[in-house]
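Next come the chains, spelled out residue by residue.
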Amino acid sequence: MGRSARSTFVVQPGKTHPRDYPADAPSKGPDDKTEGGTALAELRSKLAVQQDMLYARGAEGDPRSILLVLQGMDTSGKGGVTGDVVSAFNPAGVRFASFKAPTSEELKHDFLWRIHKQVPAAGLIGVFDRSHYEDVLVVKVRKLAEASVIEQRYSRINDFEAELTASGVTVVKCFLHISFDEQRERLLARLDDPAKHWKFREGDIDDRQLWPAFEDAYATALGRCSTAQSPWYVIPSNKKWYRNWAIASILLETFEDMNLSYPEVDLDFKRLKERLAPPN
Ligand code: AMP
Ligand code: MG
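These numbers were taken from a predicted model, which means no experiment stands behind them.

Asks: Describe empty space enclosed by the protein, with residues and values.
Replies: Summed over the entire model, instances satisfying the criterion amount to one cavity of 30 Å³ or more. Lining the largest cavity are Pro-18, Met-73, Phe-175, Leu-176, His-177, Ile-178, Trp-211, Phe-214, Glu-215 and Tyr-218. When residues of the lining of the largest cavity are traced back to their parent elements, those giving at least two are β4 (169-177) and α10 (211-224). Here the residues of the lining of the largest cavity sort into eight nonpolar, one polar and one charged.

This is the structure in C-alpha coordinates:
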(Lines give C-alpha, C1' and ligand atoms only; values in the text may rest on other atoms or scores of the structure.)
(Ligands and ions follow the chains in the order given, each with its own letter.)
Protein backbone atom coordinates (compact mmCIF):
# COMPACT_ATOMS: atom_id res chain seq x y z
CA MET A 1 0.00 0.00 0.00
CA GLY A 2 3.05 2.28 -0.25
CA ARG A 3 3.75 4.61 2.61
CA SER A 4 3.10 3.33 6.10
CA ALA A 5 0.24 4.78 8.10
CA ARG A 6 2.69 6.12 10.63
CA SER A 7 4.69 8.06 8.08
CA THR A 8 1.47 9.34 6.51
CA PHE A 9 -0.04 10.72 9.70
CA VAL A 10 3.00 11.71 11.73
CA VAL A 11 3.23 15.43 12.44
CA GLN A 12 5.73 17.13 10.12
CA PRO A 13 8.48 19.35 11.54
CA GLY A 14 7.57 23.01 11.30
CA LYS A 15 4.00 22.13 10.35
CA THR A 16 2.11 21.67 13.55
CA HIS A 17 -1.09 23.69 13.26
CA PRO A 18 -4.27 21.62 12.86
CA ARG A 19 -5.18 23.80 9.88
CA ASP A 20 -2.11 22.40 8.08
CA TYR A 21 -3.74 18.95 8.07
CA PRO A 22 -6.88 17.51 6.50
CA ALA A 23 -9.83 16.67 8.77
CA ASP A 24 -11.65 15.00 5.87
CA ALA A 25 -10.59 11.60 4.62
CA PRO A 26 -7.55 11.94 2.32
CA SER A 27 -6.89 9.61 -0.61
CA LYS A 28 -4.61 7.15 1.20
CA GLY A 29 -6.48 4.20 2.62
CA PRO A 30 -10.07 3.09 2.19
CA ASP A 31 -12.29 5.17 -0.08
CA ASP A 32 -15.62 4.86 1.68
CA LYS A 33 -17.42 3.50 4.68
CA THR A 34 -17.85 0.01 3.20
CA GLU A 35 -14.18 -0.34 2.30
CA GLY A 36 -13.22 1.14 5.65
CA GLY A 37 -15.36 -1.40 7.49
CA THR A 38 -13.81 -4.33 5.64
CA ALA A 39 -10.28 -3.05 6.22
CA LEU A 40 -11.01 -2.42 9.90
CA ALA A 41 -12.36 -5.94 10.44
CA GLU A 42 -9.11 -7.37 9.08
CA LEU A 43 -7.00 -5.04 11.20
CA ARG A 44 -9.01 -5.90 14.30
CA SER A 45 -8.27 -9.62 13.98
CA LYS A 46 -4.57 -8.95 13.49
CA LEU A 47 -4.53 -6.58 16.46
CA ALA A 48 -6.18 -9.19 18.67
CA VAL A 49 -3.46 -11.74 17.83
CA GLN A 50 -0.71 -9.21 18.54
CA GLN A 51 -2.27 -8.25 21.84
CA ASP A 52 -2.53 -11.86 22.90
CA MET A 53 1.23 -12.24 22.41
CA LEU A 54 1.97 -8.98 24.21
CA TYR A 55 -0.15 -10.11 27.16
CA ALA A 56 1.45 -13.55 27.27
CA ARG A 57 4.92 -12.04 27.18
CA GLY A 58 4.03 -9.61 29.94
CA ALA A 59 3.10 -12.53 32.14
CA GLU A 60 6.51 -14.07 31.41
CA GLY A 61 8.58 -11.00 32.28
CA ASP A 62 8.76 -8.96 29.06
CA PRO A 63 8.38 -5.39 30.35
CA ARG A 64 6.88 -3.94 27.18
CA SER A 65 3.49 -2.29 26.90
CA ILE A 66 1.72 0.20 24.63
CA LEU A 67 0.07 3.45 25.65
CA LEU A 68 -2.45 4.95 23.22
CA VAL A 69 -3.06 8.62 24.00
CA LEU A 70 -6.25 10.06 22.50
CA GLN A 71 -6.65 13.82 22.34
CA GLY A 72 -9.05 16.01 20.42
CA MET A 73 -11.81 18.55 20.75
CA ASP A 74 -15.20 17.52 22.15
CA THR A 75 -17.00 15.06 19.83
CA SER A 76 -13.76 14.29 17.96
CA GLY A 77 -14.26 10.58 18.63
CA LYS A 78 -12.08 9.61 21.58
CA GLY A 79 -14.87 7.42 22.89
CA GLY A 80 -15.59 6.18 19.37
CA VAL A 81 -12.04 4.89 18.93
CA THR A 82 -12.36 3.06 22.22
CA GLY A 83 -15.59 1.40 21.09
CA ASP A 84 -14.56 0.70 17.50
CA VAL A 85 -10.82 -0.07 17.69
CA VAL A 86 -9.76 -0.74 21.28
CA SER A 87 -12.67 -3.17 21.55
CA ALA A 88 -10.69 -5.52 19.28
CA PHE A 89 -8.52 -6.29 22.30
CA ASN A 90 -9.26 -8.68 25.12
CA PRO A 91 -10.42 -6.34 27.94
CA ALA A 92 -8.28 -8.29 30.42
CA GLY A 93 -5.23 -6.75 28.75
CA VAL A 94 -6.51 -3.19 28.47
CA ARG A 95 -6.02 -0.45 31.01
CA PHE A 96 -8.40 2.37 30.20
CA ALA A 97 -8.28 5.80 31.86
CA SER A 98 -10.17 8.98 31.15
CA PHE A 99 -8.99 12.28 32.55
CA LYS A 100 -11.51 14.87 33.61
CA ALA A 101 -10.98 18.18 35.38
CA PRO A 102 -8.65 17.34 38.29
CA THR A 103 -10.12 16.67 41.73
CA SER A 104 -9.06 18.83 44.66
CA GLU A 105 -6.70 16.07 45.74
CA GLU A 106 -5.15 15.80 42.28
CA LEU A 107 -4.67 19.55 42.19
CA LYS A 108 -2.49 19.35 45.28
CA HIS A 109 -0.03 17.17 43.36
CA ASP A 110 2.14 17.66 40.34
CA PHE A 111 0.15 17.40 37.08
CA LEU A 112 1.81 14.09 36.22
CA TRP A 113 0.87 12.42 39.51
CA ARG A 114 -2.51 11.15 38.37
CA ILE A 115 -1.05 10.16 35.00
CA HIS A 116 1.75 8.00 36.43
CA LYS A 117 -0.79 5.91 38.28
CA GLN A 118 -2.49 4.90 35.02
CA VAL A 119 0.58 3.89 33.02
CA PRO A 120 0.01 0.35 31.68
CA ALA A 121 1.97 -2.44 33.35
CA ALA A 122 3.98 -5.00 31.37
CA GLY A 123 1.92 -6.74 28.69
CA LEU A 124 -0.98 -4.30 28.79
CA ILE A 125 -2.38 -1.73 26.41
CA GLY A 126 -3.13 1.56 28.10
CA VAL A 127 -5.71 3.87 26.60
CA PHE A 128 -5.89 7.50 27.71
CA ASP A 129 -9.07 9.39 26.85
CA ARG A 130 -7.50 12.82 27.35
CA SER A 131 -4.18 12.88 29.15
CA HIS A 132 -1.36 14.98 30.59
CA TYR A 133 -1.74 17.11 27.46
CA GLU A 134 -4.87 18.72 28.94
CA ASP A 135 -2.42 20.50 31.23
CA VAL A 136 -1.01 22.41 28.25
CA LEU A 137 -4.32 22.60 26.33
CA VAL A 138 -7.44 23.48 28.31
CA VAL A 139 -5.28 24.74 31.17
CA LYS A 140 -3.50 27.10 28.79
CA VAL A 141 -6.60 28.26 26.93
CA ARG A 142 -8.56 28.86 30.14
CA LYS A 143 -5.52 30.19 31.99
CA LEU A 144 -5.96 27.71 34.82
CA ALA A 145 -2.25 27.94 35.71
CA GLU A 146 0.47 30.57 35.49
CA ALA A 147 1.96 30.94 32.01
CA SER A 148 5.44 30.24 33.41
CA VAL A 149 4.21 26.98 34.96
CA ILE A 150 2.61 25.86 31.70
CA GLU A 151 5.75 26.79 29.80
CA GLN A 152 7.80 24.29 31.83
CA ARG A 153 5.36 21.50 31.20
CA TYR A 154 6.36 20.78 27.60
CA SER A 155 9.81 19.63 28.60
CA ARG A 156 8.40 17.89 31.67
CA ILE A 157 6.13 15.95 29.31
CA ASN A 158 9.01 15.10 26.99
CA ASP A 159 11.09 13.86 29.92
CA PHE A 160 8.17 11.83 31.24
CA GLU A 161 7.52 10.20 27.88
CA ALA A 162 11.23 9.50 27.38
CA GLU A 163 11.22 7.73 30.73
CA LEU A 164 8.21 5.68 29.66
CA THR A 165 9.91 4.71 26.41
CA ALA A 166 13.07 3.72 28.29
CA SER A 167 11.06 1.50 30.61
CA GLY A 168 9.38 -0.34 27.72
CA VAL A 169 6.19 1.67 27.18
CA THR A 170 5.64 2.62 23.53
CA VAL A 171 3.64 5.84 23.55
CA VAL A 172 1.31 6.34 20.56
CA LYS A 173 -0.23 9.80 20.54
CA CYS A 174 -3.18 10.51 18.28
CA PHE A 175 -4.76 13.91 17.79
CA LEU A 176 -8.26 13.35 16.43
CA HIS A 177 -8.66 16.20 14.01
CA ILE A 178 -12.21 17.32 13.18
CA SER A 179 -13.32 20.53 11.54
CA PHE A 180 -15.29 23.28 13.26
CA ASP A 181 -18.30 22.51 11.06
CA GLU A 182 -18.14 18.80 11.79
CA GLN A 183 -18.17 19.53 15.50
CA ARG A 184 -21.32 21.59 15.07
CA GLU A 185 -23.00 18.69 13.28
CA ARG A 186 -22.00 16.29 16.01
CA LEU A 187 -23.13 18.55 18.83
CA LEU A 188 -26.49 19.01 17.06
CA ALA A 189 -26.75 15.25 16.63
CA ARG A 190 -26.20 14.84 20.36
CA LEU A 191 -29.13 17.15 20.99
CA ASP A 192 -31.32 15.18 18.60
CA ASP A 193 -30.54 11.73 19.97
CA PRO A 194 -31.91 10.81 23.41
CA ALA A 195 -29.19 8.15 23.68
CA LYS A 196 -26.59 10.92 23.49
CA HIS A 197 -28.15 13.57 25.71
CA TRP A 198 -26.09 12.42 28.68
CA LYS A 199 -22.91 13.35 26.78
CA PHE A 200 -24.04 16.91 26.20
CA ARG A 201 -22.40 19.57 28.32
CA GLU A 202 -23.11 23.21 27.69
CA GLY A 203 -19.43 23.75 28.50
CA ASP A 204 -18.64 22.09 25.17
CA ILE A 205 -20.21 25.12 23.49
CA ASP A 206 -18.06 27.41 25.65
CA ASP A 207 -14.97 25.50 24.54
CA ARG A 208 -16.19 25.67 20.94
CA GLN A 209 -16.20 29.45 21.18
CA LEU A 210 -12.51 29.22 22.02
CA TRP A 211 -11.78 26.95 19.02
CA PRO A 212 -8.94 29.10 17.55
CA ALA A 213 -7.23 29.29 20.95
CA PHE A 214 -7.49 25.51 21.32
CA GLU A 215 -6.04 25.05 17.84
CA ASP A 216 -3.11 27.28 18.75
CA ALA A 217 -2.57 25.33 21.96
CA TYR A 218 -2.60 22.08 19.97
CA ALA A 219 -0.12 23.55 17.49
CA THR A 220 2.29 24.31 20.33
CA ALA A 221 1.84 20.92 22.00
CA LEU A 222 2.21 19.02 18.72
CA GLY A 223 5.29 21.05 17.85
CA ARG A 224 7.06 20.84 21.17
CA CYS A 225 6.14 17.32 22.23
CA SER A 226 6.60 15.39 19.01
CA THR A 227 9.79 13.41 19.50
CA ALA A 228 11.42 10.65 17.48
CA GLN A 229 10.41 8.09 20.09
CA SER A 230 6.89 9.34 20.64
CA PRO A 231 5.71 11.52 17.79
CA TRP A 232 2.21 12.92 17.42
CA TYR A 233 -0.06 11.56 14.72
CA VAL A 234 -2.72 13.82 13.26
CA ILE A 235 -5.74 11.68 12.43
CA PRO A 236 -8.26 12.99 9.87
CA SER A 237 -11.39 12.35 11.93
CA ASN A 238 -14.36 13.93 10.16
CA LYS A 239 -15.15 10.44 8.87
CA LYS A 240 -15.37 7.89 11.65
CA TRP A 241 -14.53 4.95 9.40
CA TYR A 242 -11.36 6.69 8.22
CA ARG A 243 -10.33 7.63 11.75
CA ASN A 244 -10.79 4.03 12.90
CA TRP A 245 -8.82 2.63 10.00
CA ALA A 246 -5.97 5.12 10.51
CA ILE A 247 -5.58 4.43 14.23
CA ALA A 248 -5.91 0.67 13.83
CA SER A 249 -3.23 0.79 11.12
CA ILE A 250 -0.87 2.84 13.29
CA LEU A 251 -1.38 0.42 16.18
CA LEU A 252 -0.72 -2.61 14.01
CA GLU A 253 2.51 -1.09 12.66
CA THR A 254 3.54 -0.32 16.22
CA PHE A 255 2.94 -3.92 17.23
CA GLU A 256 4.76 -5.28 14.17
CA ASP A 257 7.82 -3.21 15.08
CA MET A 258 7.87 -4.97 18.44
CA ASN A 259 8.43 -8.34 16.72
CA LEU A 260 6.31 -10.19 19.21
CA SER A 261 6.08 -13.93 19.53
CA TYR A 262 4.65 -16.19 22.18
CA PRO A 263 7.09 -16.63 25.05
CA GLU A 264 9.07 -19.84 25.05
CA VAL A 265 8.39 -21.72 28.19
CA ASP A 266 10.36 -24.72 29.32
CA LEU A 267 7.84 -27.54 29.72
CA ASP A 268 8.52 -31.25 30.03
CA PHE A 269 5.62 -32.25 27.75
CA LYS A 270 6.10 -35.98 28.09
CA ARG A 271 6.02 -35.94 31.88
CA LEU A 272 3.12 -33.47 32.03
CA LYS A 273 1.02 -35.55 29.62
CA GLU A 274 1.74 -38.63 31.64
CA ARG A 275 0.47 -36.86 34.73
CA LEU A 276 -2.71 -36.01 32.79
CA ALA A 277 -3.32 -39.60 31.69
CA PRO A 278 -6.64 -40.96 32.94
CA PRO A 279 -6.32 -43.20 35.99
CA ASN A 280 -6.59 -46.93 35.02
P1 AMP B 1 -15.08 14.67 28.66
O2 AMP B 1 -13.81 14.17 28.06
O3 AMP B 1 -16.09 15.11 27.65
O4 AMP B 1 -15.65 13.73 29.67
O5 AMP B 1 -14.73 16.00 29.46
C6 AMP B 1 -13.73 16.08 30.39
C7 AMP B 1 -13.45 17.53 30.69
O8 AMP B 1 -12.39 17.58 31.62
C9 AMP B 1 -13.03 18.32 29.48
O10 AMP B 1 -13.75 19.52 29.40
C11 AMP B 1 -11.55 18.60 29.75
O12 AMP B 1 -11.13 19.81 29.19
C13 AMP B 1 -11.50 18.61 31.25
N14 AMP B 1 -10.15 18.33 31.74
C15 AMP B 1 -9.44 17.21 31.56
N16 AMP B 1 -8.21 17.35 32.11
C17 AMP B 1 -8.16 18.58 32.66
C18 AMP B 1 -7.17 19.31 33.36
N19 AMP B 1 -5.95 18.78 33.62
N20 AMP B 1 -7.49 20.55 33.77
C21 AMP B 1 -8.70 21.08 33.52
N22 AMP B 1 -9.67 20.46 32.85
C23 AMP B 1 -9.41 19.22 32.42
MG1 MG C 1 -17.42 15.82 26.55
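That shown, we press on.
Asks: Explain the state of the cysteines to me, using residue names and the numbers behind them.
Replies: Applying the stated criterion across every chain yields a total of zero disulfides. Among the cysteines around Cys-174, which has no disulfide bond, Cys-225 carries the closest sulfur, lying 15 Å off. By relative accessible area, which is 0% here, Cys-174 ends up buried.

Asks: Describe the packing of aromatic side chains, listing the residues and the values that go with them.
Replies: Taken as a whole and judged by the stated rule, the model has nine aromatic pairs. Summarising the aromatic geometry, the rings of Phe-9 and Trp-245 are spaced 6.4 Å apart at their centres and angled 80° between planes, so their arrangement reads as edge-to-face. Note that Phe-9 is positioned in helix α1 (residues 5-9) and Trp-245 in helix α11 (residues 240-257), a separation of 236 residues in sequence. Each member of the pair, Phe-9 as well as Trp-245, is classed as buried. Pairing Phe-180 with Trp-211 gives two aromatic rings, centres 5.3 Å apart and planes at 70°, and the pair type is edge-to-face. Of this pair, Phe-180 sits in helix α8 (residues 180-192) while Trp-211 sits in helix α10, placing them 31 residues apart in sequence. Take Trp-211: its relative accessible area is 7%, and that puts it in the buried class. By the ring-pair criterion, three or more aromatic residues cluster together here, those being Phe-9, Trp-241, Tyr-242 and Trp-245. Over the ring of Trp-113 we find Lys-117; its NZ or CZ atom is 3.6 Å from the centre of that ring. Between the NZ or CZ atom of Arg-208 and the centre of the ring of Phe-180, over which it lies, the distance is 3.7 Å.

Asks: An account of the pattern of salt bridges is requested, with residue identities and associated values reported.
Replies: What the rule picks out here adds up to 19 salt bridges. Residue Arg-130 is joined to Asp-74 by a salt bridge in which the shortest nitrogen-to-oxygen separation is 3.0 Å. Of the two residues, Arg-130 is situated in the loop between β3 (125-129) and α6 (138-141) and Asp-74 in the loop between β1 (65-72) and α3 (78-84); the sequence distance between them amounts to 56 residues. What makes Asp-74 buried here is its relative accessible area of 11%. Between Asp-204 and Arg-190 there is a salt bridge; the shortest N-O distance is 3.8 Å. Taken together, the positions of Asp-204 in helix α9 (residues 202-209) and Arg-190 in helix α8 put the pair 14 residues apart, joining distant regions of the chain. This pair shows no difference in class: Asp-204 is buried, exactly as Arg-190 is. Within the structure, one salt-bridge network assembled from shared partners comprises Arg-6, Glu-253 and Asp-257.

Asks: Got a sec to walk through the side chain of Asp-129? Specific residues and values, please.
Replies: Turning to its location among the elements, Asp-129 is positioned in strand β3. One buried charged side chain, Asp-129, makes no salt bridge at all; its nearest oppositely charged neighbour is Arg-130, positioned 4.7 Å away. In this view, Asp-129 contacts Leu-70, Lys-78, Gly-79, Phe-96, Ala-97, Ser-98 and Phe-99; residues no more than four positions away in its chain are not counted.

Asks: An account of the nonpolar core is requested, with residue identities and associated values reported.
Replies: In terms of nonpolar packing, the biggest core is built from 36 residues, with Tyr-133, Val-136 and Trp-232 touching the most fellow members. Secondary-structure elements contributing two or more residues to this core are β1, α6, α7 (147-166), β4, α10 and β5 (232-236). A per-element tally of this core places α10 first, with six residues. The next biggest cluster of nonpolar side chains, apart from the first, holds 34 residues, and it includes Val-10, Val-127, Ile-235 and Ala-248.

Rules and cut-offs
- Residues numbered from 1 in each chain as written.
- Chains lettered and ligands numbered in written order.
- Predicted model: local features only at pLDDT ≥ 70, side-chain atom pairs only at ≥ 80, totals over all residues.
- Heavy atoms only, no water.
- 1 Å grid on protein atoms, 1.4 Å probe; cavity = no way out; pocket = protein on both sides within 12 Å on 5 of 7 lines; lining within 4 Å.
- Points joined across faces, edges and corners; volume = space filled by probe spheres on them.
- Helix = DSSP H or I, 4+ residues; strand = E, 2+ residues; numbered from the N terminus.
- Nonpolar A, V, L, I, M, F, W, Y, C, P; charged D, E, K, R; others polar.
- Disulfide = S-S within 2.5 Å.
- Buried < 20%, exposed > 50% of the residue type's maximum accessible area, 1.4 Å probe, protein only.
- Phe/Tyr/Trp six-rings, centres within 6.5 Å; stacked < 30°, edge-to-face > 60°.
- Lys NZ or Arg CZ within 6 Å of the ring centre and 35° of its normal.
- Salt bridge = Lys/Arg side-chain N within 4 Å of Asp/Glu carboxyl O.
- Lys, Arg positive; Asp, Glu negative; His and termini not counted.
- Contact = heavy atoms within 4.5 Å.
- Core = buried A, V, L, I, M, F, W, Y, C linked by side-chain atoms within 4.5 Å.

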